[in-house]
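So you can see what is in the structure, the chains are spelled out below.
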Amino acid sequence: MNIQDAQAAVDSWIKEHGVRYFNELTNMAQLTEEVGEVARIIARRYGEQSEKESDKDKDLGEELADVVFVVLCLANQTGIDLQAAFDKKMEMKTKRDHNRHHSNEKLK
């Protein structure tokens with residue numbers, strides 16, 4: 001599924017199951033909450049914090065998917081073609097960062 005298809009799938013889900021989109025500020029708060037859940041898993045599972053017993057069953061993939069879902073909601077409700085924006089960003093990063101990263105001694 002490409003990003004355009006994902007945006008359409010989220011829009012269909014919202015219309016069928018979600019009544020309507022939450023407003024943009026609510027979705028921004030929701031996104032912050034979901035990113036916090038991802039950060040908690042990463043910090044405890046891959047960082048130096050110990051993982052609490054209650055966190056061991058958390059699914060990082062599921063939490064990342066929650067982030068993607070809310071990002072798609074925000075794109076839909078603000079009229080952003082996320083596929084076009086992503087393609088443009090990848091092109092820009094490729095031009096800007098290829099040599100920069102290859103010559104970064106810290107990455108060798």
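Residues numbered from 1 in each chain as written. Predicted model: local features only at pLDDT ≥ 70, side-chain atom pairs only at ≥ 80, totals over all residues. Heavy atoms only, no water.

Per an unreviewed UniProt entry, the chain goes by Nucleotide pyrophosphohydrolase and derives from Paenimyroides ceti.

Q: Let's hear about the overall build of the chain: which residues, and what values?
A: Summing up its helical and strand segments, the chain has four helices and zero strands in all. Along the chain direction, N to C, the helices and strands of the chain fall in the order α-α-α-α. Rg of the C-alpha trace for the chain: 17 Å, well past the compact-globule value of 13 Å for 108 residues, more than 25% over. Seen through its C-alpha atoms, the chain measures out along the principal axes to roughly 50 × 45 × 25 Å. Every one of the 108 residues in the chain was classed for burial, and the buried ones make up 20%. Residue pairs in contact within the chain that sit at least 24 positions apart in sequence constitute 62% of those at least 6 positions apart. Just so you have it, the chain exposes about 8200 Å², and 56% of that area is on carbon and sulfur atoms. Once the 16 positive and 21 negative side-chain charges of the chain are each reduced to a mean point, those two points are 8 Å apart. (Helix = DSSP H or I, 4+ residues; strand = E, 2+ residues; numbered from the N terminus. Rg over C-alpha atoms; globule rule 2.2 N^0.38 Å. Buried < 20%, exposed > 50% of the residue type's maximum accessible area, 1.4 Å probe, protein only. Contact = heavy atoms within 4.5 Å. Areas by Shrake-Rupley, 256 points an atom, 1.4 Å probe, with all protein chains shown as cover. Lys, Arg positive; Asp, Glu negative; His and termini not counted. Charge placed at Lys NZ, Arg CZ, Asp CG, Glu CD.)

Q: Would you mind going over the environment of E33 in detail, with residue names and values included?
A: Within the fold, E33 resides in helix α2 (residues 24–45). For the pair E33 and V67, spaced 34 residues apart in the sequence, the C-alpha separation amounts to 8.9 Å.

Q: Account for the UniProt feature "domain: NTP pyrophosphohydrolase MazG-like" (unreviewed entry) in the chain, naming residues and giving values.
A: Look at the UniProt record and you will see "domain: NTP pyrophosphohydrolase MazG-like" (unreviewed entry) annotated at residues 23–100. As annotated, residues 23–100 comprises 76% helix and 0% strand, and the C-alpha atoms at either end are separated by 39 Å. (UniProt positions renumbered as here; feature names shortened; annotations may be inferred.)

Q: Go over the nonpolar core with me, naming the residues and quoting the values.
A: Counting seven residues, the largest nonpolar core is built from L31, V38, I41, L60, V67, V70 and L74. Sorting the residues of this core by element identifies α2 and α3 (60–77) as the ones contributing at least two each. Within the second largest apolar cluster, six residues are counted, among which are A6, Y21, L72 and C73. (Core = buried A, V, L, I, M, F, W, Y, C linked by side-chain atoms within 4.5 Å.)

Q: Please provide a residue-by-residue account of the pattern of salt bridges, values included.
A: Applying the stated rule across the entire model yields ten salt bridges. For E51, the salt bridge goes to R45, with nearest N and O atoms at 3.0 Å. Its relative accessible area of 24% is what places E51 among the partly exposed residues. Where D97 meets R100, a salt bridge forms, and the shortest distance between an N and an O atom there is 2.7 Å. Of the two residues, D97 and R100 are both situated in helix α4 (residues 82–102); the distance of three residues between them amounts to about one turn of the helix. Each of K93, R96, D97 and R100 takes part in salt bridges that share partners, so that together they form one network. (Salt bridge = Lys/Arg side-chain N within 4 Å of Asp/Glu carboxyl O.)

Q: Outline the packing of α2 against α3, supporting the account with residue identities and numerical values.
A: Two elements in contact, α2 and α3, have axes whose closest approach is 9 Å; the angle formed by their N-to-C orientations is 160 degrees. Between α2 and α3, the angle falls in the class roughly antiparallel. Of the two elements, α2 crosses α3, and the hand of that crossing is left-handed. Contacts between α2 and α3 pair E24, N27, M28, Q30, L31, E34, V35, E37, V38, I41, I42 and R45 from the former with L60, E63, L64, D66, V67, V70, V71, C73, L74 and Q77 from the latter. Here the residues of the contact of α2 with α3 are counted per class, giving 13 nonpolar, three polar and six charged. (Axes fitted to C-alpha atoms, helices over the stretch in contact; angles between N-to-C directions. Parallel < 35°, antiparallel > 145°, perpendicular 65-115°, else oblique. Left-handed = near helix turned anticlockwise from the far one by under 90°. Nonpolar A, V, L, I, M, F, W, Y, C, P; charged D, E, K, R; others polar.)

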